[in-house]
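# Observations on chain architecture
Chain by chain, the residues run as shown.
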Amino acid sequence: MQLLRTLCHIQAPSGHETRLTKFLLHYIATEQKNWRATPQVLAGEQFQDCIVLVFGQPRTAVFAHLDSIGFTVRYGRQLVRIGGPDAETGYQLVGEDTQGPIECTLTVDEETGALGYEFTRDIERGTELTFQCDFRETDTTVQSCYLDNRLGVWNALRLCETLEHGIVAFSCWEEHDGGSVAYLAKYIYETYGVRQALISDITWVTEGVRPGEGAAISLRDSLIPRRAYVDRIRQIAAKSGIPHQLEVEGAGGSDAKELQRADAPWDWCFVGAPEDNVHSPDEIVDKRDIESMLALYQVLMREL
Amino acid sequence: MQLLRTLCHIQAPSGHETRLTKFLLHYIATEQKNWRATPQVLAGEQFQDCIVLVFGQPRTAVFAHLDSIGFTVRYGRQLVRIGGPDAETGYQLVGEDTQGPIECTLTVDEETGALGYEFTRDIERGTELTFQCDFRETDTTVQSCYLDNRLGVWNALRLCETLEHGIVAFSCWEEHDGGSVAYLAKYIYETYGVRQALISDITWVTEGVRPGEGAAISLRDSLIPRRAYVDRIRQIAAKSGIPHQLEVEGAGGSDAKELQRADAPWDWCFVGAPEDNVHSPDEIVDKRDIESMLALYQVLMREL
Amino acid sequence: MQLLRTLCHIQAPSGHETRLTKFLLHYIATEQKNWRATPQVLAGEQFQDCIVLVFGQPRTAVFAHLDSIGFTVRYGRQLVRIGGPDAETGYQLVGEDTQGPIECTLTVDEETGALGYEFTRDIERGTELTFQCDFRETDTTVQSCYLDNRLGVWNALRLCETLEHGIVAFSCWEEHDGGSVAYLAKYIYETYGVRQALISDITWVTEGVRPGEGAAISLRDSLIPRRAYVDRIRQIAAKSGIPHQLEVEGAGGSDAKELQRADAPWDWCFVGAPEDNVHSPDEIVDKRDIESMLALYQVLMREL
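Here goes a summary of the coordinates provided. What you are looking at is a predicted structure, and each value in this text was computed from that prediction instead of being measured.

What counts, and where the lines are drawn
- Residues numbered from 1 in each chain as written.
- Chains lettered and ligands numbered in written order.
- Predicted model: local features only at pLDDT ≥ 70, side-chain atom pairs only at ≥ 80, totals over all residues.
- Heavy atoms only, no water.
- Least-squares fit on C-alpha atoms with pLDDT ≥ 70 in both.
- Contact = heavy atoms within 4.5 Å.
- Buried area = accessible area lost by both parts, 1.4 Å probe.
- Salt bridge = Lys/Arg side-chain N within 4 Å of Asp/Glu carboxyl O.
- Polar contact = N/O pair within 3.5 Å; in protein donor to acceptor, adjacent residues only side chain to side chain.
- Helix = DSSP H or I, 4+ residues; strand = E, 2+ residues; numbered from the N terminus.
- Nonpolar A, V, L, I, M, F, W, Y, C, P; charged D, E, K, R; others polar.
- Pairing = 2+ DSSP bridges.
- Axes fitted to C-alpha atoms, helices over the stretch in contact; angles between N-to-C directions.
- Buried < 20%, exposed > 50% of the residue type's maximum accessible area, 1.4 Å probe, protein only.
- Disulfide = S-S within 2.5 Å.

This part covers the relation of the copies chain A and chain B. When chain A is fitted onto chain B, the two copies agree to an RMSD of 0.0 Å after a turn of 120 degrees and an axial shift of 0.0 Å. The superposition of one copy onto the other is thereby described by a three-fold rotation axis. The rotation axis passes nearest to the C-alpha of Asp 263 of chain A in chain A, at a distance of 5.2 Å. Mapped onto chain B, only 7% of the interface residues of chain A are again interface residues, and the two copies thus contact each other with different surfaces.

What follows is the structure in structure tokens.
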């Protein structure tokens, strides 16, 4: 889990994913010699801070978002949200402005809910703050901020080790209304004719999706994927014998929103491990669900 | 009204329109020998569960959505909404899972509003339920669930009988945030240069739009169409002498949302009969408004 | 400020921008002989009521929306909003229907908030009403309805006088969910390879953005632009010595929404003067901020 620990420590709030992009490009350049197949690596200004890896003759694309929730410094000592972070007085936040590195404390006004910070000095406008990473591992669990979605990124990177045919796309802005999957999807569809997608992201522990019972195959969230495609995925998963759970929600979303709205006929399905303490510094995932998630991606990318 | 009755009985909730798509493909294959012109039929995986019919040299495209509102089975005996169905305890719902066909009863918790069902057994996760169809016809009205939008589909099919130049597109997911019109519109615009649209869908009886006074030409709903295009439609309708009404709303939407957001300069206008008891099992439409709707589409497709 | 006064008097609610489009096309045809470079003028049905000016070898596009907020006449004497206008009983509204010109008074029901009008006769359904323009100028300020966004349009037109390389795009529907920037952006990106944008629009006076301290460079609103691009803009602005302010908001939006969602990798930044009395007949802007805005656009279009 050393790779996951490293990923969780890198700051990459929506709109400012550069550090994580650089880390991944270096990781890919270093590690791909150990991978079964060598991908084409697409990156640079035409892809902003996204990365696309193309293996062999792709039929399906995996989307894993790089960005995380966080906070932007406004005026006075006010903060505004990046995405939908959980907020409790006392959470430790980190960042950096031109005056140097920052370690401060989140404050939530009990009456108004207004967000602020306590620090030895004023922080410059527009500075992004993210949760301080306290990565904890036991025999059965990992716990940290930003398992959503560094675990989805980790899953995609581990998938690369054995992937022969397929696309792995690392996206930006997912936590804050999106903005990169539209052009990634267009490029992928127009260049490779690929219109099948899997969303490598983390979902919620609920009354119907329990920790330790396998990654969730989502039958719907706020959006409804095309039934025919999800049924194929369910059949492959059932035949594989890999533990998994079926999720049905009325809320929540993912990079799939942009695929659903795209002007190409994308089929998509969210497949991901469930976490508890969602969007807090204490997100926790059962290791069996991580194992299930990777195994499902391996079989699905072969058989879809 | 036998065709309309048949259409209302076929289950096709958003995301699972397959049954209705198959019915329509069969109907089109069988009936087109009786139509004035023979269309090119576009369907298959590239169009997911949509169908596009191209007649002659098209200048205008009609969009009619296939899908309906409904419910998805969650955990325990909970339901979540597909689109925005009306919900009252006692509504009869139908569906099917691997254990067989289902006829159950909707329940609405009086305090929490939570949706559930009563049935002799648990229904499998992700199963879609739709209203049981009780189709009622009088001399002056038709009444059934899903007149929205089987009546819009019926109108489009009847239009095909005499259409010489134009496109008829059957779309999916309209009741649940859309997802197919974007790519249908792109294909139509790029292949045929068509950027004029009519939305064949059903609207609401209100204080300003009365049953029996003709189909409504919508001047706006939550979105505002381009005035210059709507004015042309109003002029053609006025000159035709066909009864119609002008609608002005601040809420509501249609397949036009995706045309308005499209990256091509689509002009669009919603033209449809009004119904009462919206999104319930008892939607009711005046036959004079159905007649007006078809007559308006016939003249508009000729003159636009 | 004669040009700005004229722009503020022309009615152009979202969806019915024709009058302003015609005025601009005439203005451009007349004035371009005095401009440093002669642009290519793109207009006509393929661009609906938008206009695109292309100067030299463009690297960056400026978007300025033509449309304004207002009201649509519904049934009885009801009004529904176009965009988000401020509403107070007594505001004077103007418009025109087939019976002639209209000057009426807005009414707001104290209990329900329902909008209506007082006039000597009923106004026809679908008629658009806008604020009556009372343009006021002092040594230090301009005040009028619709400075948002006639001042952004004015800024773009003044920029044209000295622009050598760049695109100026006048868009529609911005106040009411958008609908033109998607296709303008696609055309611009595919034809010229341009994917850098500046949003020439008006923002709000707040506790952090004060009148007279320069145009605001927005670090974020409801959406978050890519940090790398905004940092370049901040550096150019800082080096230029032109007064400006940094804005950080959690709400609000602009034409940038459509760029962020576009299927091309657009970088964008909102740069505009702040106004007080937002979306009312009494919007007011400090002249120093107008001066700063134009100066910033001149330097940014040279150096980006």
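Taken together, the contact between chain A and chain B spans 30 residues of the former and 28 residues of the latter. Of the roughly 2,400 Å² buried between chain A and chain B on both sides combined, carbon and sulfur atoms contribute 43%. Taken as a group, Arg 226, Arg 227 and Asp 263 of chain A account for 27% of the area that chain A buries against chain B, more than any other trio of residues on that side. Across the chain A-chain B interface, the total number found is seven salt bridges. Notably, a salt bridge pairs Glu 45 of chain B with Arg 226 of chain A, separated by 3.3 Å at the nearest N-O pair. Taken together, the links from chain A to chain B amount to 22 residue pairs in polar contact (both at pLDDT 80 or more). If you list the elements that add at least two residues to the side of chain A that touches chain B, you get helix 4 (181–192), strand 15 (215–220), helix 5 (227–240), strand 16 (244–248) and helix 6 (256–261) of chain A. The class makeup of the residues in the side of chain A that touches chain B is 12 nonpolar, five polar and 13 charged.

Turning our eyes to something else, we now look at the side chain of His 279 of chain C. Turning to its location among the elements, His 279 of chain C is positioned in the loop between strand 18 (274–275) and strand 19 (283–286). When neighbours within four sequence positions are excluded, His 279 of chain C is seen to be in contact with Ile 69, Gly 84, Pro 85, Asp 86, Phe 131, Asp 148 and Glu 175 of chain C.

Looking now at the interface of chain C and chain A. Between chain C and chain A, the contact holds 30 residues from the first and 28 residues from the second. Sorting the residues of chain C by area buried against chain A places Arg 226, Arg 227 and Asp 263 of chain C first, and these three jointly supply 27% of that buried surface. Applying the counting rule to chain C against chain A returns seven salt bridges. Between Arg 226 of chain C and Asp 49 of chain A there is a salt bridge, with the nearest N and O atoms lying 3.1 Å from each other. Looking at the side of chain C that touches chain A, the elements that each hand over two or more residues are helix 4 (181–192), strand 15 (215–220), helix 5 (227–240), strand 16 (244–248) and helix 6 (256–261) of chain C. Counted by class, the side of chain C that touches chain A contains 12 nonpolar, five polar and 13 charged residues.

Moving on, we come to the relation of the copies chain C and chain A. Between the two copies of this chain, the relationship is a rotation about some axis together with a displacement along it. Mapping chain C onto chain A is achieved by rotating through 120 degrees and translating by 0.0 Å along the same axis, at an RMSD of 0.0 Å. Looking at chain C, a mere 7% of its interface residues are interface residues in chain A too, so the copies touch through different faces.

Residues and elements named next belong to chain C. What the eight strands build is an open sheet, ordered 1-2-12-3-13-17-15-16; its pairing is mixed. Two strands bound the open sheet, and with one partner strand each, they are strand 1 (40–42) and strand 16. For this sheet, the mean inter-axis angle between neighbouring strands, taken without regard to orientation, is 25 degrees. On the sheet, helix 2 (residues 18–31) packs against strand 1, strand 2 (51–55) and strand 12 (166–171) and is oriented at approximately 25 degrees with respect to strand 2. Helix-sheet contacts for helix 5 involve strand 3 (60–65), strand 13 (196–199), strand 15, strand 16 and strand 17 (267–272), and the interaxial angle to strand 17 is about 40 degrees.

Residues and elements named next belong to chain C. Relative to the assigned elements, Cys 50 resides in the loop between strand 1 and strand 2. Classification of Cys 50 as buried rests on a relative accessible area of 1%. Counting along the chain gives 131 residues from Cys 50 to Val 181, while the straight-line C-alpha distance between them is 9.2 Å. With sequence-adjacent residues up to four places away left out, Cys 50 is seen in contact with Leu 42, Ala 43, Phe 170, Ser 171, Cys 172, Ser 180, Tyr 183 and Leu 184.

Below, the discussion takes up the state of the cysteines. The final tally for this structure, using the stated rule, is zero disulfides over all chains. Between Cys 50 of chain A, a cysteine without a disulfide, and Cys 172 of chain A, which holds the nearest cysteine sulfur, the sulfur-to-sulfur distance is 3.8 Å. There is no disulfide at Cys 104 of chain C, and the cysteine sulfur nearest it, in Cys 145 of chain C, is 14 Å away.

A few words on unusual backbone geometry. With glycine set apart, most residues show a phi of negative sign, and most peptide bonds adopt trans. Asn 149 of chain A follows Asp 148 of chain A through a cis peptide bond whose omega is 20 degrees. In this structure, Asn 149 of chain A sits in helix 3 (residues 147–160). For Tyr 146 of chain B, which is not glycine, the phi torsion reads 65 degrees and is therefore positive. If you trace the backbone, Tyr 146 of chain B turns up in the loop between strand 11 (141–144) and helix 3 (147–160). For Tyr 146 of chain B, a relative accessible area of 3% translates into the label buried. One non-glycine residue, Asp 177 of chain B, adopts positive backbone phi at about 85 degrees. Structurally, Asp 177 of chain B is set in the loop between strand 12 (166–171) and helix 4 (181–192). Looking at Asp 177 of chain B, the relative accessible area reads 59%, which means it is exposed.

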